[in-house]
Amino acid sequence: MDHLKHVTMAGMTRSPEVSPARTISAAPAWRASRRAPLLWAAGPAIFWAFVLVGELVWVVLDGSHRAWALALVAATVVAAGFGVGVVPVWRYAVHRWEVTDTAVYTRTGWFNQESRVAPITRVQTVDTHRGPLERMFGLATVTVTTASSAGAVRIAALDLEVAERTVNRLTDIASIHREDAT
Amino acid sequence: MSDPQVGATADWRRLDMRMLLVHPVRELFKYIPVLLGAVIVGTQSGGPAWSPVAVAVVIVAFALTRWFTTSYRIGADSVQLRRGLLQRRTLTVPRTRIRSVDVHADLMHRLLGLVVLVIGTGQHADREKRFHLDGVDARQVPELRALLLRPAENTEPGTGAATGTPNANPGSFGHTADSGSATEPRIRAHSNTPAHQGTSVHNGITAGRSALQRALSGDTDDLADEAIEIGHWQPRWVRYAPLSLTGLAIVGPVIGLAAKVGVADVLVRSHAVQDLTEHSAVFIALAVTGAVTVLLVIAAIAACVRYLTTYFGLRVLDDGAALHIRGGLFTTRQTTLDLSRLRGATVKEPLLLRLAGGAELEAIMTGTSPRQKLLPQAPRAAVDRTLAQLLTSGSRRTDATPAGGAAITSAAAPALVALEQHGPRARRRRYTRAFMPVWVLLALLVAISLAGLHVPLWAWILLAVVALFAAALAHDRYRGLGHAVIPSDGARPVWLITRRGSLDRDRDCLEAPGVIAWTVRQTFFQRRAGLATVIAASAAGKKKYGIVDLPIERAWALIDQVTPGQLGVRAEHETTPVPTPDHTVAKLRAT
């Protein structure tokens, strides 16, 4: 039992020399593309445009509830302004990524934020994905998967050229590590 | 092999003849609804009396074709199974990919002396795609197993490891990834010696397989001599069975079916129920209580019966290379789990079971059946003992460790070590979250009374009861929350232990080599409280293992402790290519 206690104590008293401020994981260095906020604004913009059009049709057609309808339109404009104007900028401020020789790091989200790290030795596939909006803005998303379904790392909204370079680099580094990835 | 009949030949072979008896019976059972339909249609339409017989004959004939259309072949470097009447399907499994050979037999198989042999390749496969030989002579099993698990002669034994099969993980045990050991299993495989000594012998899939095969080549009883029994089921553990509410899961569908058939309608229309309205509230309450009690008793009995039939005589054996689980009353099962797939274990303690001093044990494995149950509901002491023995098992028992009790104690540490709690902020968050429904209910009641309506007394009592439950839940949830990191002692890997939950509490013990990636999650409210949820992603078990509401500064330290260097340290002189905006960084680091 004494030995056990020793083990536990060693675990608890170990003071980490790594302060969070200096780890790459806490603050990866590279930002998303400059056009990323446009991409993140475009999706919500389309959605809210549909909602607004619907509401305006209601305002025009239904005369008896005009006050309610106008209040709803006002609320929608505020929500849309937040979704299209604020959130993409907020996202851009949070979004970071970095690929080192040993690992892939990302930080994503806005209201809820997430930092991820996957070591390159555990990388299984590297995919590039381009949706219609992403193609419009010349962007791409690189997804790095690992053997764990919970361990995929998505690097969103990269310039196409940066994405291609990243994929090449990742596959190059990953091919050096030929050990099993589970 | 000694018996030429099961030797590695290129001949296609049929399954056992006795399956000609099994298939028709099984298919007839499966098509009972069709037969009933034929009988009903036959009697109602006044059709010929032989029509059900004709249907039965067709079914039997169809069943018999199964035997004639199924054949298998154990080749030099692959195993093939061909089956199907209209849709022919050939499954081919390279022999280097065979990870396990499991055997089970239901009552009919056992009466005829047959077993079903399932070949596991470490990949998820549905029933159609699974390689199973349904119906081979039980006496052939040891030979077949040995044959299937023997490394193929013609192929290079190292290929399995070199191409990165999901289960080969050099360095998963004992020490962290050691690239030098990659060549060793290959050499070992050629010499084909049993793996029992040396520190890196167990690091190769091939070495593991040879030991596996060695263990399996013997008969069932020979195995017992070599292997250590790490878990032995006892009939009196059945007292824990009703505590898992599995009984309700059995009784529930029956009630649902009854309701569908129209029992509920009959009940509602019956006189007894219609007269209920004339009785007092006390009588109704008694009737409802009685009904619920009867239901619970039936559920408990169902759970006990299921427990006894499924786990009767369960034994968990460990021969250093594989775990062998066998048991069952009517349907017997023999499952073999390659220990090189093991990444840890989960002790499950749902509330009721925990209150009774019981627990369940699950192995965390990569590949198929990632959450393999080792022990069903059992006393906590028995679970701890099995877990400790599992973690000190052959593959981990290396020469480098100090001998004697100390080694066993430290190896068993993941099972026993006290967990670190997550501090007052995590506690406050438990209460905030548990009290959410209380605040909603309170606001509702206040709003109603402000609107001038009368709020009955029982509503306030209900609120108080809900608040009490919320407080108890929050308290227990915080007590359950915890984690520990056991540093490596040189021979064993770093262990990460995390526990969470109240009603359903899991204590997950995961070894560091099983951790693939990390996620640090912070919701807006967690950031304000300076907390984070750390998720260790793994290829094994539940795939993600969360450490909930850990103070953010401890979160980074934890990751660094489990997987040193993975966070990546930026050198002091190195300048970041893009300047970081202060506010977001401050937000993330706020503590």
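For the structure itself, consult the block above.
Structural notes, computed from the coordinates. (Residues numbered from 1 in each chain as written. Chains lettered and ligands numbered in written order. Predicted model: local features only at pLDDT ≥ 70, side-chain atom pairs only at ≥ 80, totals over all residues. Heavy atoms only, no water.)

1. Focus: the overall build of chain B
Basically, it comes down to this: Here a strand is any run of E in DSSP of at least two residues, a helix any run of H or I of at least four, and the numbering for each starts at the N terminus. Note on definitions: a residue-residue contact is assigned when non-hydrogen atoms from the two residues lie within 4.5 Å. With residues, only the protein chains shown are counted as cover, and all accessible areas are computed by Shrake-Rupley using a 1.4 Å probe.
Within chain B one finds 23 helices and 20 strands. A separation threshold of at least 6 residues defines the contact pool for chain B, and within that pool the share at least 24 residues apart is 61%. Carbon and sulfur atoms form 64% of the exposed surface of chain B, whose accessible area is close to 27900 Å².

2. A look at helix 5 (residues 160-176) of chain A
All names here are of chain A. Where we set the bar: Multiplying 1.5 Å by the helix residue count minus one yields the expected span of that helix. Partly exposed residues are those whose accessible area sits between 20% and 50% of the maximum for their type, while under 20% is buried and over 50% is exposed, using a 1.4 Å probe and protein chains only. Here the arc refers to the set of directions running from the helix axis out to each C-beta atom.
Here helix 5 is 17 residues long and its end C-alpha atoms lie 25 Å apart, about the 24 Å a rise of 1.5 Å per residue gives. Every buried residue belonging to helix 5 is among V162, A163, T166, V167, L170, I173 and A174, and all of these are buried. All buried residues of helix 5 fall inside an arc of 140° around its axis, so they share one side. Facing away from the buried side of helix 5, by more than 90 degrees, are the exposed residues R165, D172 and I176. On its buried side, helix 5 packs onto strand 1 (96-99), strand 2 (103-109), strand 4 (123-129), strand 5 (139-146) and strand 6 (153-159).

3. Observations concerning helix 19 (residues 436-450) of chain B
When the terminal C-alpha atoms of helix 19 of chain B are compared, their 21 Å separation across 15 residues agrees well with the 21 Å that a helix rising 1.5 Å per residue should span. Once helix 19 of chain B ends, the next one or two residues include G452 of chain B, with phi positive near 90°.

4. Section: the pattern of salt bridges
Residue and element names in this part refer to chain B. Put simply, the rule reads: Only one rule defines a salt bridge in this text: a Lys or Arg side-chain nitrogen within 4 Å of an Asp or Glu carboxyl oxygen.
Enumeration over the complete set of coordinates arrives at 26 salt bridges over all chains. When the shortest N-O distance is used, the salt bridge between R18 and D137 registers 2.9 Å. Of this pair, R18 sits in the loop between strand 1 (13-14) and helix 1 (19-30) while D137 is found in strand 7 (residues 131-137), placing the two residues 119 residues apart along the sequence. Because the salt bridges share partners, they merge into one network encompassing D16, R18, D137 and R139.

5. Structural notes on the environment of S100 of chain B
Residue and element names in this part refer to chain B. Looking at the secondary structure, you find S100 in strand 5 (residues 100-105). As for S100 and I119, which are separated by 19 residues in sequence, their C-alpha atoms are 5.9 Å apart. Setting aside anything within four residues of it in sequence, one finds S100 in contact with V118, I119, G120 and T336.

6. Quick look at the sheet that holds strand 5 of chain A
All names here are of chain A. How we decide: Strands were regarded as paired on the criterion that DSSP finds at least two bridges between them. Here the axes come from fitting lines to C-alpha atoms, over the contacting stretch only for helices, and the angles between their N-to-C directions go from 0 to 180 degrees.
Across the sheet, which stays open at both edges, the three strands sit in the order 4-5-6 with antiparallel pairing between neighbours. Edge positions in the sheet fall to strand 4 and strand 6, since each has one partner strand and no second. Here the average twist between neighbouring strands, direction ignored, is 20°. Two strands pair when backbone bridges link them, and strand 5 and strand 6 are joined in this way by five bridges, in the antiparallel orientation. In the strand pairing of strand 6, V142 is matched with I155.

7. Examining the pairing of strand 18 (residues 515-522) of chain B
Remark: a regular strand shows side chains that alternate across the two faces of the sheet. When you tally the buried positions in strand 18 of chain B, you get seven out of eight residues, the bulk of the element. In this structure, strand 3 (residues 113-119) of chain A lies alongside strand 18 of chain B, joined through five bridges in antiparallel fashion. Of the residues in strand 18 of chain B, the one forming a bridge with S115 of chain A is V520 of chain B.

8. Quick notes on the pairing of strand 9 (residues 315-318) of chain B
Residue and element names in this part refer to chain B. Two elements, strand 8 (residues 228-232) and strand 9, share four bridges in a ladder whose sense is antiparallel. Considered in strand 9, the bridge of G231 is made with V316. Examined bridge by bridge, strand 9 and strand 10 (residues 322-327) share four bridges and lie antiparallel to one another. Pairing of V316 across the sheet is with I325, part of strand 10. With antiparallel pairing between neighbouring strands as the criterion, strand 9 and strand 10 make up a hairpin whose turn holds three residues, including G320 at a positive phi of roughly 95°.

9. Comments concerning a nonpolar patch on the surface
Residue and element names in this part refer to chain B. The cut-off we apply is this: The residues that make up patches have over 30% relative accessible area and no salt bridge, and they are joined within 9 Å when like-charged or within 5 Å when they are Val, Leu, Ile, Met, Phe, Trp or Tyr.
On the surface, a cluster of nonpolar side chains totalling about 470 Å² of accessible area is made up of V25, F29, I32, L36 and I40. Elements that contribute at least two residues to the nonpolar patch include exactly helix 1 and helix 2 (32-45). The dominant element in the nonpolar patch, judged by the number of residues it contributes, is helix 2, at three residues. In this structure, F29 sits in helix 1.

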